[in-house]
Amino acid sequence: MSKSVYALIDCNNFYASCERVFDPQLRGKPIAILSNNDGCIIARSDEAKRAGVEMGAPEFKIRDLIKEKDIVLKSSNYALYGDMSRRVMETLRHLTPKVEPYSIDEAFIEFPKLIAKDLDRFGKEIKTTVKQWTGLPVSVGIAPSKTLAKIANETAKSNPQHKGVLNLVDNSQLDNLLKETKLTDIWGIGAGLSQRLFKEGIQNAFQLKQQVSRKEWVRNKLSVKGLRTVMELNGEPCLDIEHVGDARKGIMTSRSFGKAVTDKKDLSEAIAQFISIAAEKLRAQHSVASLLHITLRTNKYSNYKSKYKYGIEFPLQMPTANTSHLIKCGHACLDKLYQRDLRYKKAAVMLTGILPESEVQQDLFSKNNYTASEHNLMQKVDDINTKYGSGTTHFASTGIEKSWQMKQEHLSAKYTTQWDELAEIQVD
DNA sequence: TCTGGGGTCCTAGGACCC
DNA sequence: TCTGGGGTCCTAGGACCC
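The paragraphs below set out a description of the structure included in this document. Please read these numbers as outputs of a predicted model, since none were measured by experiment.

Concerning the pairing of strand 10 (residues 287-298)
Most of strand 10 is tucked away: 10 of the 12 residues are buried. Where strand 10 and strand 13 (residues 355-356) come together, two bridges link them in antiparallel fashion. Looking across to strand 13, one finds that Ser287 is bridged to Pro356. By the bridge criterion, eight bridges tie strand 10 to strand 11 (residues 309-320) in an arrangement that is antiparallel. Across the sheet, Thr295 pairs through a bridge with Gly311, a residue of strand 11. Two elements, strand 10 and strand 12 (residues 344-352), share eight bridges in a ladder whose sense is antiparallel.

Below, the structure is given as structure tokens:
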């Protein structure tokens, strides 16, 4: 019997709920959140789901539905969602020490095993505390492994009888629930693996759980990751709570453009801007990068079957986190990649070969060393931007007009991170 | 005309070494 | 002309996640 218990806390309809906290008029209304560039639907309130708004639907294809059902559209407001996420994670840390933020709207926690009655009570306490402290509704799934906690959470959320909290530890209904769980609803089993398993006659989570009797077969079919999933379905935890603060191994910044871009100057501004963002993330985790990748894309929908992705790698002689140096390298890549006759829709910057800044060996003869004075300069830029708002200080090469910028026509205020955009309360 | 933006891990296969 | 076996490291690509 394992000594630890895992719980997954997941915010319900996170982006839509964040919008509602600061605009109470949105309560009870169907809300849909758009991706960057207002391109497609990435989040929906329950009312919007019921109205038939599909996840991932391109906005231009469902305009009639939006009008007919009076759906409120919002552009993604990551400054707001990111800050609300931070508040949720802090609330959880008040309740229990081992917290792993898993995504912007989810966290795993691990705690010692309690008797079943106390587990139920703890689950409810988490739910009410997060609601009180942040205004956000969450669901809580408790189980002996992370994979089962995911299933518990999903069931708690979709099945009103559980009132948002479900504990699967020592729960006699577990196998019945697994029999009703489709393969694609298991964490780690996507469409590809699910199809392969289906052909083998395995059609639900319970049947997959039973494959524990032939581990070698599972390993061959699904690799070690699949084997871990099977063990976890059996209540044998194989996935630990991960330590926060581990440095990222790759940092990517990419955006689609508001409209097709043909001008090289626009592209070089966009690349400078994306490099600035990526390098700031790099410095925030006290790292340097040794490889820069630049990718340009044309419209993959209209260029069906023909090439639409053009990429190049730039090995940095010396690992660096200096925005200015990275921009120069990025522009050298652009010189090689750019073709006059193409209409570009998207650019991406990726930094890899990431090392801790303390581990960098200085090259006595190179002009490209990431020196202490460069580091200090970048530090000052980051400090100013943290204090006075992102982009307060920026490199001129990122451009002024930014004709390539994202479309965000339905953006709400940065209620929690910008002094001049705080929510206003009207007192009658 | 209009279709997001990030990440992680694993495996296979090639290059290279002894 | 024939031509072993084992190891490491790196990269590309696949699969999955939100």
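Digging into the protein's contact with DNA strand C
Surveying the vicinity of DNA strand C reveals 14 residues, the closest of which are Glu106, Lys150, Gly188, Gly190 and Leu193. A breakdown of the atoms of DNA strand C within 4 Å of the protein gives sugar and phosphate a share of 100%. At 3.3 Å, a side-chain N or O of Asp105 approaches a sugar or linking oxygen of DNA strand C. Between Gly188 and DNA strand C, the recorded distance is 2.8 Å, taken from a backbone N or O atom to a phosphate oxygen. Among the secondary structure elements, those contributing two or more residues to the surface near DNA strand C are strand 5 (99-103) and helix 8 (191-199). By residue class, the composition of the surface near DNA strand C is six nonpolar, four polar and four charged.

Procedures and definitions
Residues numbered from 1 in each chain as written. Chains lettered and ligands numbered in written order. Predicted model: local features only at pLDDT ≥ 70, side-chain atom pairs only at ≥ 80, totals over all residues. Heavy atoms only, no water. Buried < 20%, exposed > 50% of the residue type's maximum accessible area, 1.4 Å probe, protein only. Helix = DSSP H or I, 4+ residues; strand = E, 2+ residues; numbered from the N terminus. Pairing = 2+ DSSP bridges. Near = heavy atom within 4 Å. Polar contact = N/O pair within 3.5 Å; in protein donor to acceptor, adjacent residues only side chain to side chain. Nonpolar A, V, L, I, M, F, W, Y, C, P; charged D, E, K, R; others polar.

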